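# Report on the structure
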Amino acid sequence: MLITCPYCGPRDVIEFNYQGDGNRQRPQLASQDLDAWNAYVYDRLNPAGDHNEIWQHSGGCRAHLRVVRNTLTHEISSVAFARGDHKAAMRHKAEGKS
Amino acid sequence: MVERQSPLELELRTGSHGDFEHGVDVILSETRPGSILQLSAWPGQEKKLIAGIRTVTGLALPDGAGAGSTDGVRSVFGFAPGKFTVVDEAEGLAAAFAGVVTPAIGTLTDLSHGRTAIRIHGPKAEWVLAKFFAIDFALPAFPIGTGRSTMHHDVFAQIQRTGADQFDIYVFRSFARSFWKALCHASEEVGYEVQ
Amino acid sequence: MAEYSAFSLLKNALTGNRDWKPAWRKPDPKASYDVIVIGGGGHGLSTAYYLAKEHGITNVAVLEKGWLGSGNVGRNTTAVRSNYLLPANTRFYEHSMKLWENLSHDLNYNVMFSQRGCLNLAHTPAQLDDFARRGNAMRHLGVDAELMTTAEIARLIPALDVSGTARFPIIGGLMQPRAGTARHDAVAWGYARGADRRGVDIIENCEVTGFLRDGDRVTGVSTSRGEIRAKKVAVAVAGSTGRVMQLADIGTMPIESHVLQAFVTESLKPFVDTVLTFGMGHFYMSQSDKGGLVYGGDLDGYNSYAQRGSLPIVDEVMSEMLALFPGLARVRMLRSWGGLCDMSMDGSPIITTGPLPGMYLNCGWCYGGFKATPASGWCFAWTIAKDEPHDFNAPFTLDRFHRGLVIDDKGQGATPRLH
Amino acid sequence: MSPRRIDTGGRIDRLRTIRFTFDGAPYTGHAGDTLASALLANGVTLFGRSFKYHRPRGVLTSGVEEPNALVTVLRGEVREPNIAATMVEIYDGLTAVSQNRFPSLSWDVSAANQLGGKLLSAGFYYKTFMGPALGPLKGTRFWMFCEHFIRRAAGLGRAGIAADTARYERMNAFCDVLVVGSGPAGLMAAKAAADQGARVILSELEPHFGGSAKWSGETIDGMPGADWAARTAGQLEGHDNVRLLPRTTVWGYYDGNTLAATERVTDHKERPGKGEPRHRYWAIRAKSVVLATGSFERPLVFPGNDRPGAMLAHAAERYANEYGVLPGNRIALFTNNDSAYRSALALKKAGAAIVAIVDVRPELSSEMRKLADEAEAKSLSGHAVVATEGGKALSGIKVQRFDMTNGALVGDARSIQADCLLMSGGWSPTIHLASQAGAKAEWNAARQAFLPPKPTQRWSTQQWIGAGAFTGSFSTAEAIAEGRAAGLAAAGGTGTPAALPVVEAAPGDPDPAPVFEIRANGKSFVDFQHDVTADDVRLAHREGFVSVEHLKRYTTLGMATDQGKSSNIPGLAIMAEALGKPIPEVGTTRFRPPFSAVSIGSLAAERFGDLKPERLTPMHDWHIANGATMYSAGLWYRPMIYGLSGETVEQAYVREAKATRESAGIVDVSTLGKIAVQGPDAAEFLDRVYTNMFSTLAVGKARYGLMLREDGLAFDDGTTWRLGEQDFLMTTTTANAGKVMQHVEYFLDVIWPELKVHVTSVTDEWAGAAIGGPKARAILAACVTGTAVDNATLPFMGIVRGKISGVPVMICRLSFSGEMAFEVYSGAGYGTHVWEALIEAGKPFGLVTYGLEALGTMRIEKGHVTGAEIDGRTTARDLHLDWMLSKKKPFIGSAMMDREGLIAPDRLELVGLISLDNRPLNGGAHIVETLDEANPHDSIGHITACCYSPALGKYIALALVKDGKARRGTRAHISDPLRNRFGPVEIVSNHFFDPDGSRMHG
């Protein structure tokens, strides 16, 4: 499987670290809503189809990525920095050509 | 000041090795730069940091991910969003940046001891490196001056292409000896010389 | 239906094997049943078998969307063991072990359970202490466990690299002598035949497409072969739990589906006699009766329903294999395949009533599903029949995560890919 | 001259004679021979024994699909079992032996298994061996007794124990177009793509490029196909943008157009070059892929079809044309299609007598009649072979009239003398890679074969284009046209003005008759290697194992080393007939990697012999030079003890710990994880990450911190140093360094991107030495310049900067040992220099170096926790670290840490244990209230760490015990049945030694 890191370009899955279900909402740090915390820590969407996931490019630029990947085909339809403030325009020019 | 100890010390055997009777196709060396810095900009401050790098090193950094340049003495390349590696043959580069990378722009981390710089040079440099890293080393995909962050199993590496057939590889010091041994092993097939 | 025996085999051989009957019938679904079990894998079939055998509930249908045993019961590395650390797991898996030990007789079907032992290799003193902790925990629950020295291990497995110069030298190991392997497909077929002989309808190519509801209560299922009603609907579809629970509008679960690859080499003359695990990574191996080395390693590490593995894990597993057996470099990997694992948030299973009225849930088997097959069915049947768990599965609730009562044998927390 | 070698022809080098042995007997062959062709040339017909019945078997094929002729190749002590003789190129000194026979290939006692034929039918073992339900053989015993013999009888070759000394390597490759297969289609595709300027890789599993062109006898562009192929390959070789990979099997098609291939670099050589790998494992990331993988000829199923001398038709043609070997002198053919006629003619031209062409079809085309005439063959259309004659070699066949419409045999059988029978049951495209890529094969009734579908956009991560026989286009002219089109499309090109090469080929209809089996008396083999017969397939049907997967698993059809390349379709066809359904309704199995078996060495590649890199501290060489015994901790190596000669481990660590407490000791702590936490929000971030407060920490001070996981359980601990207002140095445990780094990166990148904090791993930047003991401060004072180290300048948890022997250092006064202690950090390149300077300075003070054992001993005495206690299942409270849980602020894990299960009264809590029988305690021992050595039960906890405490003069341990706090001061027992160690202990506080910390505070 290849994941196209917005910074590094397409890289083998071996360079990435899976951080799981990207749909989970972490409660505010001070929240005492235990149900919300439990849901965040333990409950996962586990769809058969497109899945929003967090991956870290741990063997590359170490940025965290939001990836939409199909769990039936492993097809990846979108990759973006998990941080909104990294621009996809950072993408390497040479790799943009190829 | 005492000389820094190289982690490769016991394994760095100068001379020709492997199948060198048929020619030496790569030359391996440790470049031992005096300074290896990591500069990181806060989001939106990247351009100021790039300008600062130019001020201190005289190296213009092209726009774009992984972009970099080298003048043979100093080298710089981006390795992650807003993050750059700057290398100087001389020690003390951190001090030169002290007033340039202000807290408003970003941070500076001195890795002069923490990273080991290994150079591979020669017509089979791409071939040997491709044994380790799953990135495309062909010149059009990896132009001169640019950098890449990648890994070989447990060994994280930043690689800058510093010539058509030359790459500088920065690995964690603690892994450097293992990586060096593996690099030599992988170079035996093509014949290599250690300088 | 005829008993299987050496005599029946001989008799049939003399008549050209023309009189053998199907191992199980291929009935059409009835309009309603007392119990519907969704999932014609090992766990679903064993549940049906024990419902009939232990609780006299025979008006049961097992619904399988594909061919019987097409899930993980036929995709695992066939190891059977009860060498867990935490008491809840050890008790449960030991119950399973006891059922395994008599399973071929019970089913009148040779599942080839072979108690050739399972050895966990240790490579550091700290790891050996960890194994001692686990082995002692087993012994305090009446389960067999022994520590082995390097010399004993070398005698048992001559091909193993026990040299002190290995990158991760072997300094000892934890052996469970009663552990072993079984013929995975035979387990599915044996339970299917056993359940069928007791009147259970096993319905293949019958995909559940929705749940019939009366308010909250589940009253049956709609399927590719029509609606079927039931007093109780039991779900045993590990690997597809997420998909099936979504049909019941349960969107999130403490489960992720991951792909786990397994491998087999070409047939070899006897090479290794026990199940074996490497301690400095994740590698396990045994040799099948046909002679293939059957082995595996880590999960691929991301959600998948594709039964399709990735290449880095292949390389990883083979590297670890050769770290133990440098003589195997010239042996060849013949086949690889992927199974879907329900990875729960603590690495332990769920066998429970609910989460909806009329529904019963069996899932979250992680790596442990095959060895659990008998006890899983046995406990699930009990839970369905009596509407409460047996002591063996009482800890395996669905609400244990929220309550902080996790059973985390590996201590990895809610990181499914690490269990 | 070998008995079956033809005088001329073939593409072997007759001037080079090569000597090799098979089962100890010496033979010769020529360069270019395979082991199969060379043995055939020497008149050998018996190659191996089958799996179950140990039937004698010859060579069936000429390629990778060979099920019968499996041998073990020996290189000294190193064995390579189960290798198809058809794939072994001979070299001088090649040593091959046959397999699965005892005592010899020609006299194999297990051949007696055949007598039990009907008894050993498919699935027989499921029905028996259960043994008695009662008595000494109940349970699994009887089965295991039988199994012992079954296992010895099963299996093919024997694996080696001697370590393989060959090297294996990996190669990562990138290309625009990967072409798999180098027959006419593949060659054309590669050329077309290369001409467009694309980066092309062309792989071929055989030694030479050309595929069928090498032996088909066809003419391409006016020259023999083999010459055309060689010329085209030569042209490609000259392109900079083309890489040719002969002897390379592409065996796996993975996500993202990543293909796995194995190149057999030196298997055909007497010895490898210097540094040359035996196998090179290619991981190829291709933008697009052209599958030109050809097709496999199928055997026919009829009684005796496995006798040595029965062979696929094209294989015999290939032996004659490519290797100059005639597999027989009197050759009969049995076919259901036209391709065999071409083979017959080729063999006739090569010098064999074609005694008969038996064809199941009642009518032949005039072209085929003409070919049969040219071959001077007796044409028996509307006939079938119903038996073969002979022992370990074929001596004749029996034929009978055959009615294709109902499968009936009519009239009397008659014998025909022949020493070789060639079978052609039609052709199956090699669709394995496409199937791996997710393509569902489609049955083509005309071709009687599963063909690949057109690739769909749905599988956008797998992009391939098919060409040639792979797509069911069996003629060379079609292959050439499709190959070029595929190459162009793959490279994104649109057209080329060049004319297509002209092919002159024998005529032939590509569609076979739908006949797979001749039902007559006798064993008719479907899967040759696994001895699966047509009757086995029908038995599976009777017993309900009718789905294709059940068929496969119940009978083991297609599970042998050839993975059913020749047997799958005939097996399916027989099942389909039994079911009365068309073949596609029975289905086909999805192919999974690998396409053909691949050496484990090649997959481990560079990690064979080098599983994991070694991680070394800056002082590593010093430790080795000074007698340290090293301990592997994750990837790191750390000194365990610096033993003196004759010392036991316990004596060494007791001496080291004692000396440290009496004077001073020094230990290498460079492996601790170190993370630079920098930026204006660094303090706020640490407040969230740690359970305790860091924003209040003064610059120049350090603090011990505890982290929880999100779920509220303890995660990691360590000290964090505030080096500047916005500059912290976090330390972690050695084991968790990577995990903590990922943890903090995740929170900064995903959860709190608004925080201005950068984190960087600086573990390797700093060498760390911890020096502790009553004399530690004096030692520092003796060597540190530029700063004082007295209590006022350097209070507990204070940090100063100075120099040691001219090297800048950072010193923090903190203690793990419980002594007055300091951690001295210097640039890693100066680590050994500073270390030696400290040791030199310590000499007058009796400074010792100590290792992990003494470190552990002193931490146990102090009751500090490490990974053995923070094991992922314990809470801060369990470890008596609840004093660190700030109530003033939320932190990671704070919301979850008070859940019901995490505050339950029966949780395991940290305690100390003292051995009351003055005998050592063991790590992993359990603790019970009531001792029952014979039947241990009711464990209340376990030991996490233990040692002999020089400070206390006792064997002590840390333990996690149920409700442990309340048990302090009570007695219990160690219960360690694994090591037969039982005995009384006293449960005490985990703080054994200097509980109020007077020593470290000084």
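Residues numbered from 1 in each chain as written. Chains lettered and ligands numbered in written order. Predicted model: local features only at pLDDT ≥ 70, side-chain atom pairs only at ≥ 80, totals over all residues. Heavy atoms only, no water.

Another aspect to go through is the environment of Gly842 of chain D. All names here are of chain D. Along the chain, Gly842 turns up in helix 20 (residues 831-842). Given a relative accessible area of 0%, Gly842 falls into the buried group. With 176 residues separating them in the primary sequence, Gly842 and Ile666 have C-alpha atoms 9.3 Å apart. Every residue in contact with Gly842, bar those within four places of it in the chain, is listed here: Ile779 and Leu847. (Helix = DSSP H or I, 4+ residues; strand = E, 2+ residues; numbered from the N terminus. Buried < 20%, exposed > 50% of the residue type's maximum accessible area, 1.4 Å probe, protein only. Contact = heavy atoms within 4.5 Å.)

On to the interface of chain D and chain B, then. In this assembly, 51 residues from chain D lie in contact with 50 residues from chain B. Summing both sides of the interface, chain D and chain B together bury roughly 4100 Å²; the carbon and sulfur share of this comes to 53%. On the chain D side of the contact with chain B, Lys274, His758 and Tyr830 of chain D bury the most area, a combined 16% of that side's loss. Inspection of the chain D/chain B interface yields eight salt bridges. Residue Arg177 of chain B pairs with Asp621 of chain D through a salt bridge whose shortest N-O separation is 2.5 Å. At the boundary of chain D and chain B, one finds 29 residue pairs in polar contact (both at pLDDT 80 or more). Secondary structure elements with two or more residues in the side of chain D that touches chain B: strand 8 (168-180), strand 15 (279-291), helix 15 (620-625), strand 36 (673-678), strand 40 (758-761), strand 44 (807-812) and helix 20 of chain D. Here the residues of the side of chain D that touches chain B are counted per class, giving 18 nonpolar, 15 polar and 18 charged. (Buried area = accessible area lost by both parts, 1.4 Å probe. Salt bridge = Lys/Arg side-chain N within 4 Å of Asp/Glu carboxyl O. Polar contact = N/O pair within 3.5 Å; in protein donor to acceptor, adjacent residues only side chain to side chain. Nonpolar A, V, L, I, M, F, W, Y, C, P; charged D, E, K, R; others polar.)

Residue and element names in this part refer to chain D. Relative to strand 51 (residues 971-976), strand 48 (residues 926-928) runs antiparallel, the two being bridged by three bridges. By the bridge assignment for strand 51, Ile927 is matched with Ile974. Where strand 51 folds back on strand 52 (residues 981-988), the antiparallel hairpin that results is connected by four residues, among which Asn980 adopts a positive phi of roughly 50°. (Pairing = 2+ DSSP bridges.)

Tallied over the entire structure, the rule returns 15 cavities of 30 Å³ or more. When its volume is computed, the largest cavity comes out at roughly 510 Å³. Of all the secondary structure elements, the ones that give two or more residues to the lining of the largest cavity are strand 5 (70-75), strand 6 (78-84), strand 13 (248-254), strand 14 (258-264) and strand 32 (598-599) of chain D. Residue contributions to the lining of the largest cavity peak at four residues, all from strand 6 of chain D. Within this model, the second largest cavity holds a volume of roughly 210 Å³. Forming the boundary of the second largest cavity are 17 residues, of which Ile14 of chain A, Ala134 of chain B together with Arg170, Asn172 and Arg285 of chain D lie nearest the centre. (1 Å grid on protein atoms, 1.4 Å probe; cavity = no way out; pocket = protein on both sides within 12 Å on 5 of 7 lines; lining within 4 Å. Points joined across faces, edges and corners; volume = space filled by probe spheres on them.)

This part takes up the UniProt feature "domain: Rhodanese" (unreviewed entry) in chain C. This chain's UniProt record puts "domain: Rhodanese" (unreviewed entry) on residues 35-79 of chain C. Strand forms 20% of residues 35-79 of chain C and helix 31%; the C-alpha atoms that close the span are 30 Å apart. (UniProt positions renumbered as here; feature names shortened; annotations may be inferred.)

Two strands in a sheet stick together by hydrogen bonds in their backbones, pointing the same way (parallel) or opposite ways (antiparallel). Residue and element names in this part refer to chain D. Ordered by their spatial adjacency, five strands build an open sheet running 2-1-7-5-6, and the pairing between neighbours is mixed. Strand pairing shows two members of the sheet lacking a second neighbour, strand 2 (25-31) and strand 6, which therefore form its edges. On average, adjacent strands in this sheet sit at an angle of 35° to one another, irrespective of strand direction. With four bridges connecting them, strand 5 and strand 7 (residues 94-98) associate as antiparallel partners. Its bridge partner being in strand 7, Val71 is matched across the sheet by Ser98. (Axes fitted to C-alpha atoms, helices over the stretch in contact; angles between N-to-C directions.)

Next up on the list: the UniProt feature "domain: SoxA A3" (unreviewed entry) in chain D. Taking the numbering used here, the UniProt-annotated feature "domain: SoxA A3" (unreviewed entry) corresponds to residues 522-606 of chain D. Secondary structure across residues 522-606 of chain D divides into 45% helix and 8% strand, with the first and last C-alpha atoms of the span separated by 50 Å.

The subject of this paragraph is the domain arrangement of chain C. All names here are of chain C. As far as domains go, chain C holds domain 1 (29-82 + 85-107 + 184-255 + 346-418) and domain 2 (118-179 + 256-344). Facing 39 residues of domain 1, the contacting portion of domain 2 comprises 36 residues. For the pair domain 1 and domain 2, the number of links is two salt bridges. Close ionic contact of Arg178 with Glu94 constitutes a salt bridge, the shortest N to O distance being 2.7 Å. Counting across the interface, domain 1 meets domain 2 through 17 residue pairs in polar contact (both at pLDDT 80 or more). Elements with a minimum of two residues in the side of domain 1 that touches domain 2: strand 3 (79-80), helix 3 (87-101), helix 8 (241-247) and helix 11 (400-403). Residue classes in the side of domain 1 that touches domain 2 are distributed as 14 nonpolar, 14 polar and eleven charged. (Domains from an automatic or database assignment.)

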